[in-house]
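Analysis of the macromolecular model
Each chain is listed here by its residues.
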Amino acid sequence: MEISHLQRARYAYKPKLPAVLREELENIALKLGESAEAVSDQGNLKLFFRNTYGKPIAVFEKGKNSDVGKKLNVGVILSGGQAPGGHNVIAGLFDGLKKGNAESRLFGFLGGPSGLIENKYAILTAETMDQYRNTGGFDIIGSGRTKIETPDQFAASLKTAKELGLNAVVIIGGDDSNTNASLLAEYFVENGSPIQVIGCPKTIDGDLKNEYIETSFGFDTAVKTYSELIGNIERDANSAKKYWHFIKLMGRSASHIALECALQTHPNICFISEEVQTKQMSLSQVIDIITDAVVKRANQGDNFGVILIPEGLIEFIPEMRKLIEELNDTMGVYGREFAKIDSFIERLYFLDRYISEASYDLLKNLPTQIAEQLLLDRDPHGNVQVSRIDTEKLLISITEKRLAELKEQGVYKGKFSTYGHFFGYEGRCAAPSNFDADYCYSLGFTAFMLIAAGLTSYISSVRNLTAPAEQWIAGGVPLAMMMNMEQRHGIKKPVIKKALVELDGAPFKTFVAKREHWAVNTSYLFPGAIQYFGPPEVCDQPTKTLILERT
Ligand code: FBP
């Protein structure tokens, strides 16, 4: 197979591990802290996780360890959306296993969690691994969004794991997949099986984080890729001086990606969904922000600009949120019946019986294309698929109407030509930045250490990430500690709490201090492409979000 020069050079890159993990395995000891409580709903969670609630935080330190030489069989799953660095998590896990015992085996379940349920796997060899080191994508074993949730799926997972003689399963995924990991761990213990389950924090969205999980992997590379593209568009906008670019950015409900890209590129406007929700801003108020900047810039002769829109924005505008929640609940209960209805009009008629009058009116009056997108299938976790809703087009169309009115009133005299963009898939499989390559390899290696230590229901954790890699802290966080109870498919379930943008956090405050200036004055910043080879200040910098949150 032909490969690019960069890919060849990246195969040879040696990811940096925390100093403690560079020791001989016999010299890496496990230290357990106090037993940890969940962030909320402790009583309910204790009932759900009878066997796995209340475990202590784990940290690896220099010291004696006699557990690391055992022959182990481990299964690994890539779950959910692609995120740069997944291959390196597997590489770190593989190298750890083989370092512990050359006869240990790594089973890669194919196509996500369904590979475990259906017993579809490939045994990963050194040869295979060497073709994927430091590369983007999840194509080594593929990924999927199947959720292990029915009694049959749990039983089938245990059956596969027993048949293959597995000691442990590692699930590399986001908040929902790690919720699954924790339920699976509990199921295994409840059914008398010693098979361990370890999670790894993946998602470009950056919403799987807390005190011990400083960031999810993939965020770093994805935001740097989008920021490069946004910077290029800004330069084009400032050169041609004739278009307003509306750029929707992936990130699901959370606006971490949009916020980080704003800090890296200084657009004219960036919406933060969490702020829109807190201030209960209506769609009309959102449009006011856009038209205000468009009019002011037109008055100074600047009929161009760049606007960043988090893909979840639509869910945070109160009237839209209410509509989406009612749709989610209705489809959670009547999903099968609903799926049988083909025509849009008949779907509306069906919904009229189950959603409130206000939501029904709103749905009816949206541009048909957007309304249809809101009725598409939910993801396996019952959420609306925000990446499939053209929010940028919705905003462009309403802004055009508002500007036409302002023109008639003589308030606006400019020209408004637009382009809509959606950046998401462009960044999810980019070659991991040095940060993600190092972080992911460390997470995988740490997952091996947690397995060797006999732990279950933990997520691999590597901390102190703004320091050089040798100072990173490796360990594990009990999954049940990251849970709370939330409404899913119409019923309360334990799930890992999503970390949304905090309005009193340093990244948002830094943005707020600058945004009024950026709205009117062209202040674009051009970060350029990710650099893999060169000085550390160019190649190894973490995101601004991480730096601002941690210093
Ligand atoms: P994960 O949460 O599974 O990591 O996925 C992230 C994401 O890229 C979101 O930003 C986006 O909304 C979604 O996946 C798109 O899903 P799909 O890959 O199914 O199109």
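Refer to the structure above for everything that follows.
A few points about the packing of helix H9 (residues 256-265) against helix H20 (residues 506-520)
At a closest axis distance of 10 Å, the pairing of H9 and H20 adopts a crossing angle of 55 degrees. When the axis of H9 is compared with that of H20, the two are oblique. Read as a crossing pair, H9 and H20 show a hand that is left-handed. Only Pro507, Phe508, Thr510, Phe511 and Trp518 of H20 make contact with H9, whose side of the interface consists of Leu259, Ala262 and Leu263. A per-class count over the contact of H9 with H20 returns seven nonpolar, one polar and no charged.

Some remarks on the sheet that holds strand S9 (residues 269-270)
Pairing is parallel across the open sheet formed by four strands, whose spatial order is S9-S10-S8-S11. Strand pairing shows two members of the sheet lacking a second neighbour, S9 and strand S11 (418-423), which therefore form its edges.

Points about the site of the ligand
Taken together, 14 residues lie near the ligand, and Gly81, Arg145, Asp205, Glu311 and Tyr425 sit nearest. Backbone polar atom of glycine 81 to an oxygen atom of the ligand: 2.8 Å apart, as the coordinates give it. The contact in question runs from an oxygen atom of the ligand to an N or O atom on the side chain of lysine 202, over 3.0 Å. Protein burial of the ligand: of its 480 Å² of free accessible surface, 86% is covered by the chains. Partitioned by chemical class, the residues of the shell around the ligand number three nonpolar, five polar and six charged.

Some words on the environment of serine 143
Tracing the sequence through the fold places serine 143 in the loop between helix H5 (126-130) and helix H6 (151-163). Residues serine 143 and isoleucine 172, spaced 29 residues apart in sequence, show a C-alpha to C-alpha distance of 9.7 Å. If sequence neighbours within four positions are ignored, serine 143 has contacts with Leu78, Ser79, Gly80, Gln82, Gly111, Gly112 and Phe138. A distance of 3.1 Å separates a polar atom in the side chain of serine 143 from the backbone oxygen of leucine 78. Polar contacts involving the side chain of serine 143 include one to the main-chain carbonyl oxygen of glycine 80, which spans 2.7 Å.

So, how was this worked out
- Residues numbered from 1 in each chain as written.
- Predicted model: local features only at pLDDT ≥ 70, side-chain atom pairs only at ≥ 80, totals over all residues.
- Heavy atoms only, no water.
- Axes fitted to C-alpha atoms, helices over the stretch in contact; angles between N-to-C directions.
- Helix = DSSP H or I, 4+ residues; strand = E, 2+ residues; numbered from the N terminus.
- Parallel < 35°, antiparallel > 145°, perpendicular 65-115°, else oblique.
- Left-handed = near helix turned anticlockwise from the far one by under 90°.
- Contact = heavy atoms within 4.5 Å.
- Nonpolar A, V, L, I, M, F, W, Y, C, P; charged D, E, K, R; others polar.
- Pairing = 2+ DSSP bridges.
- Near = heavy atom within 4 Å.
- Polar contact = N/O pair within 3.5 Å; in protein donor to acceptor, adjacent residues only side chain to side chain.
- Areas by Shrake-Rupley, 256 points an atom, 1.4 Å probe, with all protein chains shown as cover.

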